[in-house]
Amino acid sequence: VKKTLLFLLIFLPILYFLTFSLSRSPRDLPSALIGKEAPLFELTTLDGSSYSLEKARGRPVIVNFWATWCDPCIYEHEVLRAASTQYKDMEIDIVAILYEDTPEKAQAFIRKHGRAAPILLDTDLQTAIDYGVSGIPETFFINTEGVVSYKHTGVLTPEIMDEQIALLIKK
Amino acid sequence: MSNLIRHREERSDPHKVGRLLRYTRNDILIIVGAILVIALQGVSFASELTQAQIERAEEIGSQLRCPVCRGIPINESPAELAVQMMKVVKEQIQTGKSDEEIYDYFEKRYGEWALLKPKTKGLNLSLWILPFAFLLLGAIFIILNFRGRK
């Protein structure tokens, strides 16, 4: 009995570690940027103008990474579109950064699904790297002080959107 | 009709044909030159790195986890994100950053998860110590069992 107990005491923690730690997806890990200043970026929009995060200081900013080839992004697009309309009168910036995709495909996507937010082009993926993006969709909520308050991995729901915007406005 | 005849005559004039060929040769030279300039611009970044720097970039890249792959380093991944990350590594080497600074750069963005070799500090120490501790315990366990049987 003692030997079995000893065996279980050693074997079970190893099994637990192998099952739950090594199999964890990096996307489940919390972002290293939470509570830290959001990396600044200045990117060209799909319509040729420019968007600077630094110039948005003082306003909450929602930064969404997406692509036309990402199926969940189609559902999320509707959530972003609804939020853009709902919070139109509030000083909130919602921007969608195109990830590993082409402007032409983004244009076609907008023609089909409508425009949710200004689309920013991150051609060298530098902004994606700066935000530690490990897949899409990923959404970062940045408060008025320019600090990342929350990162959502996967499809945004209207509930999460409302909850996080309420927190951003409160601050 | 006469225009057509003149045109045929011009085309058959050997001097004119030679001039035409000369222009064509010049044009080809210009085009080849332009292609070379564009191609050289494309590889200028890579050629600025010395062999030692390229090897250092590969070594650093082999210690950074590709965020969109399963357990492979960025220097082995064909994923666009990994390729861009390797480019960042090379750029940072060029700007004189140390290995530690480059690892820190990625750790700040992706967290410690990005490092394939965890740092030997804090809780991570257990990752380095525990395997040896288990090995030692196993050896003691086997020796004690062996002695007990004797």
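The structure under discussion appears in the preceding block.
Quick caveat, the model's predicted, so the values are computed rather than measured.

### Points about the state of the cysteines
Overall, the coordinates contain 2 disulfides over all chains when judged by the stated rule. There is a disulfide in this structure between A:Cys70 and A:Cys73, and the S-S distance comes to 2.1 Å. Taking the sign of the torsion about the S-S bond as the criterion, the disulfide between A:Cys70 and A:Cys73, at about 85°, is right-handed. Here A:Cys70 matches A:Cys73 in class, with each residue buried. With a sulfur-sulfur separation of 2.1 Å, B:Cys66 is cross-linked through a disulfide to B:Cys69. Looking down the S-S bond of the B:Cys66 and B:Cys69 bridge, the torsion is 55°, so its handedness is right-handed. Given the relative accessible area of 21%, B:Cys69 is considered partly exposed.

### Structural notes on the interface of chain A and chain B
Taken together, the 20 residues of chain A in the interface contact 18 residues of chain B. Connecting chain A to chain B are 1 salt bridge. Salt-bridge contacts for A:Asp130 lead to B:Arg109; the nearest nitrogen and oxygen are separated by 2.9 Å. Seen at the junction of chain A and chain B, the total is 5 residue pairs in polar contact (both at pLDDT 80 or more). Of all the secondary structure elements, the ones that give two or more residues to the side of chain A that touches chain B are helix H1 (2-21) and helix H4 (126-130) of chain A. Here the side of chain A that touches chain B is built from residues that sort into 12 nonpolar, 4 polar and 4 charged.

About the thresholds
- Residues numbered from 1 in each chain as written.
- Chains lettered and ligands numbered in written order.
- Predicted model: local features only at pLDDT ≥ 70, side-chain atom pairs only at ≥ 80, totals over all residues.
- Heavy atoms only, no water.
- Disulfide = S-S within 2.5 Å.
- Buried < 20%, exposed > 50% of the residue type's maximum accessible area, 1.4 Å probe, protein only.
- Contact = heavy atoms within 4.5 Å.
- Salt bridge = Lys/Arg side-chain N within 4 Å of Asp/Glu carboxyl O.
- Polar contact = N/O pair within 3.5 Å; in protein donor to acceptor, adjacent residues only side chain to side chain.
- Helix = DSSP H or I, 4+ residues; strand = E, 2+ residues; numbered from the N terminus.
- Nonpolar A, V, L, I, M, F, W, Y, C, P; charged D, E, K, R; others polar.

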